[in-house]
Number of protein chains: 2
Amino acid sequence: MSEYFDKSTKRCADCQSMSQLFCLLNQDELAMVDANKIFVRFNAGETIKKQGTFMSHVLSVNSGLAKLYIEGIEGRSAILRIVKPTSFIGGPGIYSDQRHHFSITALVDSSVCFIDLQVFKKILSGNQLFAEEFLKDFSQDVLSVYNRLIYLTQKQMPGRMADALLYLHDAIFRKLKFPMILSRFELAELSAMSRESAVKVLRDFQKEGLLRISDHEMEILDLEALHKISRVG
Amino acid sequence: MSEYFDKSTKRCADCQSMSQLFCLLNQDELAMVDANKIFVRFNAGETIKKQGTFMSHVLSVNSGLAKLYIEGIEGRSAILRIVKPTSFIGGPGIYSDQRHHFSITALVDSSVCFIDLQVFKKILSGNQLFAEEFLKDFSQDVLSVYNRLIYLTQKQMPGRMADALLYLHDAIFRKLKFPMILSRFELAELSAMSRESAVKVLRDFQKEGLLRISDHEMEILDLEALHKISRVG
DNA sequence: AATGAAGATTGACATATATCAATTTTTACA
DNA sequence: TGTAAAAATTGATATATGTCAATCTTCATT
C-alpha cells in the first residue's frame, strides 16, 4: 500500500520506467509532464483503454504487459501487438478525431502513466527533436500494421501462428522459454483464426517437436523450423 | 508537346491541382516547393513509385488515378487504396527509414509532382499548421489501414468484394456508374482473394442483380443490397 | 482481317478453415 | 477441499476458398 502511494506520486525526473521518448525532454518540459500525468495500476485482465472513448491522455507503460487490439466485427478482435514496459502509446487518434482506435487490456499486473494530451501536444510543437522521435515511433507502429496486413492475408494458419510465436520471442521476451501470457483464444486473435484452429496448429507444432507448452510456459525447441514455416506460409 | 512543357514548368502558385495540404503554405514556402519539385506524366500501367526504393521525394497527384499497393509474399500484392488527383502521398518511410513501403502504379494516364523530401521536412518543421494537417492526413491513412485489416481478416469473400466496390463508389467515383479501372485480378488484390474467386463473386453479384458490368463500365444497381452484404460479412 | 497475347470465365476438384458438440482440464473461490 | 465456471481439447462435419485445366473473349498489332 505504501509502495502504491510512493510510485503513483514519484516524479518523472526520478522515474526509471519512463518511455524512451520522454528522455528527449528538458527539465521544464518534464516538469510539465509531471504536473499533468496520472499514474495508475491495473490488475491482469483489466481494461486500460477502451476503443471509441475520448482520448484525453496518451499513455506510457511503466510495468507489466498488455494487449493492444482492434475490436472488429461482431465482437471479434484482432490483437495488433503486445505492449511492454517503457513503451509509449499514442495512436492515430491524436491527430484525427481524438478518440482511441484500439483497446488495451492488461495481461499481467501493470502500471501506466496517463499524460494529458493537450500538454503532450504543446510539448510536441515546441520541441523539434521530440516531435521527430514521436513520428519515428508512430511510423514504426504503422509499418508493423502493414506487415501484419500482409501476413494475415497472404499466409495460411501455420505460417500465421509461427509468426505470432516468433513475434513473442523476438519482440517481447527474447528468450526461447517464456510465460504463456496469452490464452489459446488470444493467440487465435493474434493470428486471425478460430480458437479451435489455434489449438490444432499448436498441437501439430508440439507433435513435430517445434515447441513445448507446460506449466504456463512455452518453450521454443526449434527456432529454425518455426522460421521456415513462417517463410513457407 | 507544348502542353507537356507548359504544365511541367508551371508554378505551384498557379496550380489548380495541388493537393489540399499545400494550400496552407505561405508564398515563400510555396516558392521553395516550386523550386524543388519535379512534374512528371505517366502512362497507364507505368510504375510511379517502387516499394523499397529510397524516398527522395514525396508525391502530389495532379491528375489521373493510381493504385497504391504493398508487395507482399511471392509476388502477391495487397492494394491499399486508389489514389486520386489532388492527394498527397507520403507514407511511414518519411520518419523511419526513408524508403517507400508501397508501390504506386498509374491506372490511367496520370501526372504527379515530386517534391524534395528534405525541403518538405524543412517546411514541416517551420509551419505548425501545415505539420498538423500533414499529421491529420497521415492519421487518416493509418485509420483506413486499420479498417482494412479488420475487414480483410474478419469478413468472407462476398463481404470483402462488396466493401471493395463500395469503396470505389464512395471514395473514388461518387457515382453508381463508373469506369472499370481495375481488372478482375486487381479487384482480387483489393479484396484479398484469388483472381478466380473474384470472378465468381462478381458473377454472383450480377446474377442477383446487384450490379452490371459492360463496356468497361460498372454500374451498381442495388446499393442497399451491397451495403447489406458488406454488413453481414 | 489474321494473329497472338493477355485477361476473363467456368466447372471440377482439393484443401484450408470454421463450426459444432462433446469431453476433459484447469482455474477460481466459497 | 469441493464445486462451479472458464478454458482447452478433440473429432466429425460443413463450408469457404484456392488451384487447376480448359475454354472463351478482348484487344493490340501486324
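Just so it is clear, the structure is predicted and the values come from calculations on it, not from any experiment.

About the cut-offs
Residues numbered from 1 in each chain as written. Chains lettered and ligands numbered in written order. Predicted model: local features only at pLDDT ≥ 70, side-chain atom pairs only at ≥ 80, totals over all residues. Heavy atoms only, no water. Near = heavy atom within 4 Å. Polar contact = N/O pair within 3.5 Å; in protein donor to acceptor, adjacent residues only side chain to side chain. Helix = DSSP H or I, 4+ residues; strand = E, 2+ residues; numbered from the N terminus. Contact = heavy atoms within 4.5 Å. Buried area = accessible area lost by both parts, 1.4 Å probe. Nonpolar A, V, L, I, M, F, W, Y, C, P; charged D, E, K, R; others polar. Buried < 20%, exposed > 50% of the residue type's maximum accessible area, 1.4 Å probe, protein only. Least-squares fit on C-alpha atoms with pLDDT ≥ 70 in both.

1. Overview of the protein's contact with DNA strand D
What surrounds DNA strand D is a group of 16 residues, the closest being Arg-184 of chain A together with Gln-156, Met-157, Ser-197 and His-216 of chain B. Counting only the atoms of DNA strand D within 4 Å of the protein, the fraction contributed by sugar and phosphate is 69%. Residue Ser-194 of chain B places a main-chain N or O atom 3.4 Å away from a phosphate oxygen belonging to DNA strand D. When residues of the surface near DNA strand D are traced back to their parent elements, those giving at least two are helix H6 (184–190) and helix H7 (195–207) of chain A together with helix H5 (157–173) and helix H7 (195–207) of chain B.

2. Here we look at the interface of chain A and chain B
Residue-level contacts link 34 residues of chain A with 34 residues of chain B. In this assembly, chain A packs against chain B so that about 3,400 Å² is buried in total across both faces, 73% of it on carbon and sulfur atoms. The largest share of the area that chain A buries against chain B comes from Tyr-95, Tyr-146 and Leu-149 of chain A, three residues that together contribute 21% of it. For the side of chain A that touches chain B, the elements supplying multiple residues, two or more each, are strand E5 (77–83) and helix H4 (128–154) of chain A. Per element, the largest residue contribution to the side of chain A that touches chain B is 17 residues, and it comes from H4 of chain A. A breakdown of the residues in the side of chain A that touches chain B according to their chemical character gives 18 nonpolar, 10 polar and six charged.

3. So, the environment of Leu-190 of chain A
Residue and element names in this part refer to chain A. Looking at the secondary structure, you find Leu-190 in helix H6. Sequence separation between Leu-190 and Arg-160 is 30 residues; the distance between their C-alpha atoms is 8.6 Å. With residues up to four places along the chain from it excluded, the contact list for Leu-190 reads Ile-79, Arg-148, Tyr-151, Leu-152, Ala-164, Tyr-167 and Leu-182.

4. Focus on the protein's contact with DNA strand C
DNA strand C sits among 17 residues. The nearest are Gln-156, Met-157, Ser-197 and His-216 of chain A together with Arg-184 of chain B. Counting only the atoms of DNA strand C that lie within 4 Å of the protein, the sugar and phosphate share comes to 69%. A distance of 3.4 Å separates a base nitrogen of DNA strand C from a polar side-chain atom of Glu-196 of chain A. The contact in question runs from a phosphate oxygen of DNA strand C to an N or O atom on the side chain of His-216 of chain A, over 2.3 Å. Elements with a minimum of two residues in the surface near DNA strand C: helix H5 (157–173) and H7 of chain A together with helix H6 (184–190) and H7 of chain B. In terms of residues, the surface near DNA strand C owes the most to one element, H7 of chain B, which gives five residues.

5. With respect to the environment of Ile-172 of chain B
Residues and elements named next belong to chain B. Among the secondary structure elements, Ile-172 is positioned in helix H5. The class of Ile-172 is buried, set by a relative accessible area of 12%. Setting aside its immediate chain neighbours within four residues, Ile-172 contacts Leu-65, Ile-82, Lys-84 and Tyr-167.

6. Here we look at the relation of the copies chain A and chain B
Two copies of one chain are present, and they are related through a rotation about an axis combined with an axial shift. In screw terms, the move from chain A to chain B is a rotation of 180° and a rise of 0.0 Å along the axis, fitting with an RMSD of 0.0 Å. The relationship between the two copies is best expressed as a two-fold rotation axis. Among all residues of chain A, the one whose C-alpha sits closest to the rotation axis is Leu-149 of chain A, at a distance of 2.8 Å. Of the interface residues in chain A, 100% have counterparts in chain B that sit at the interface too, so the contact is made through matching surfaces.

These figures capture arrangement, not role.
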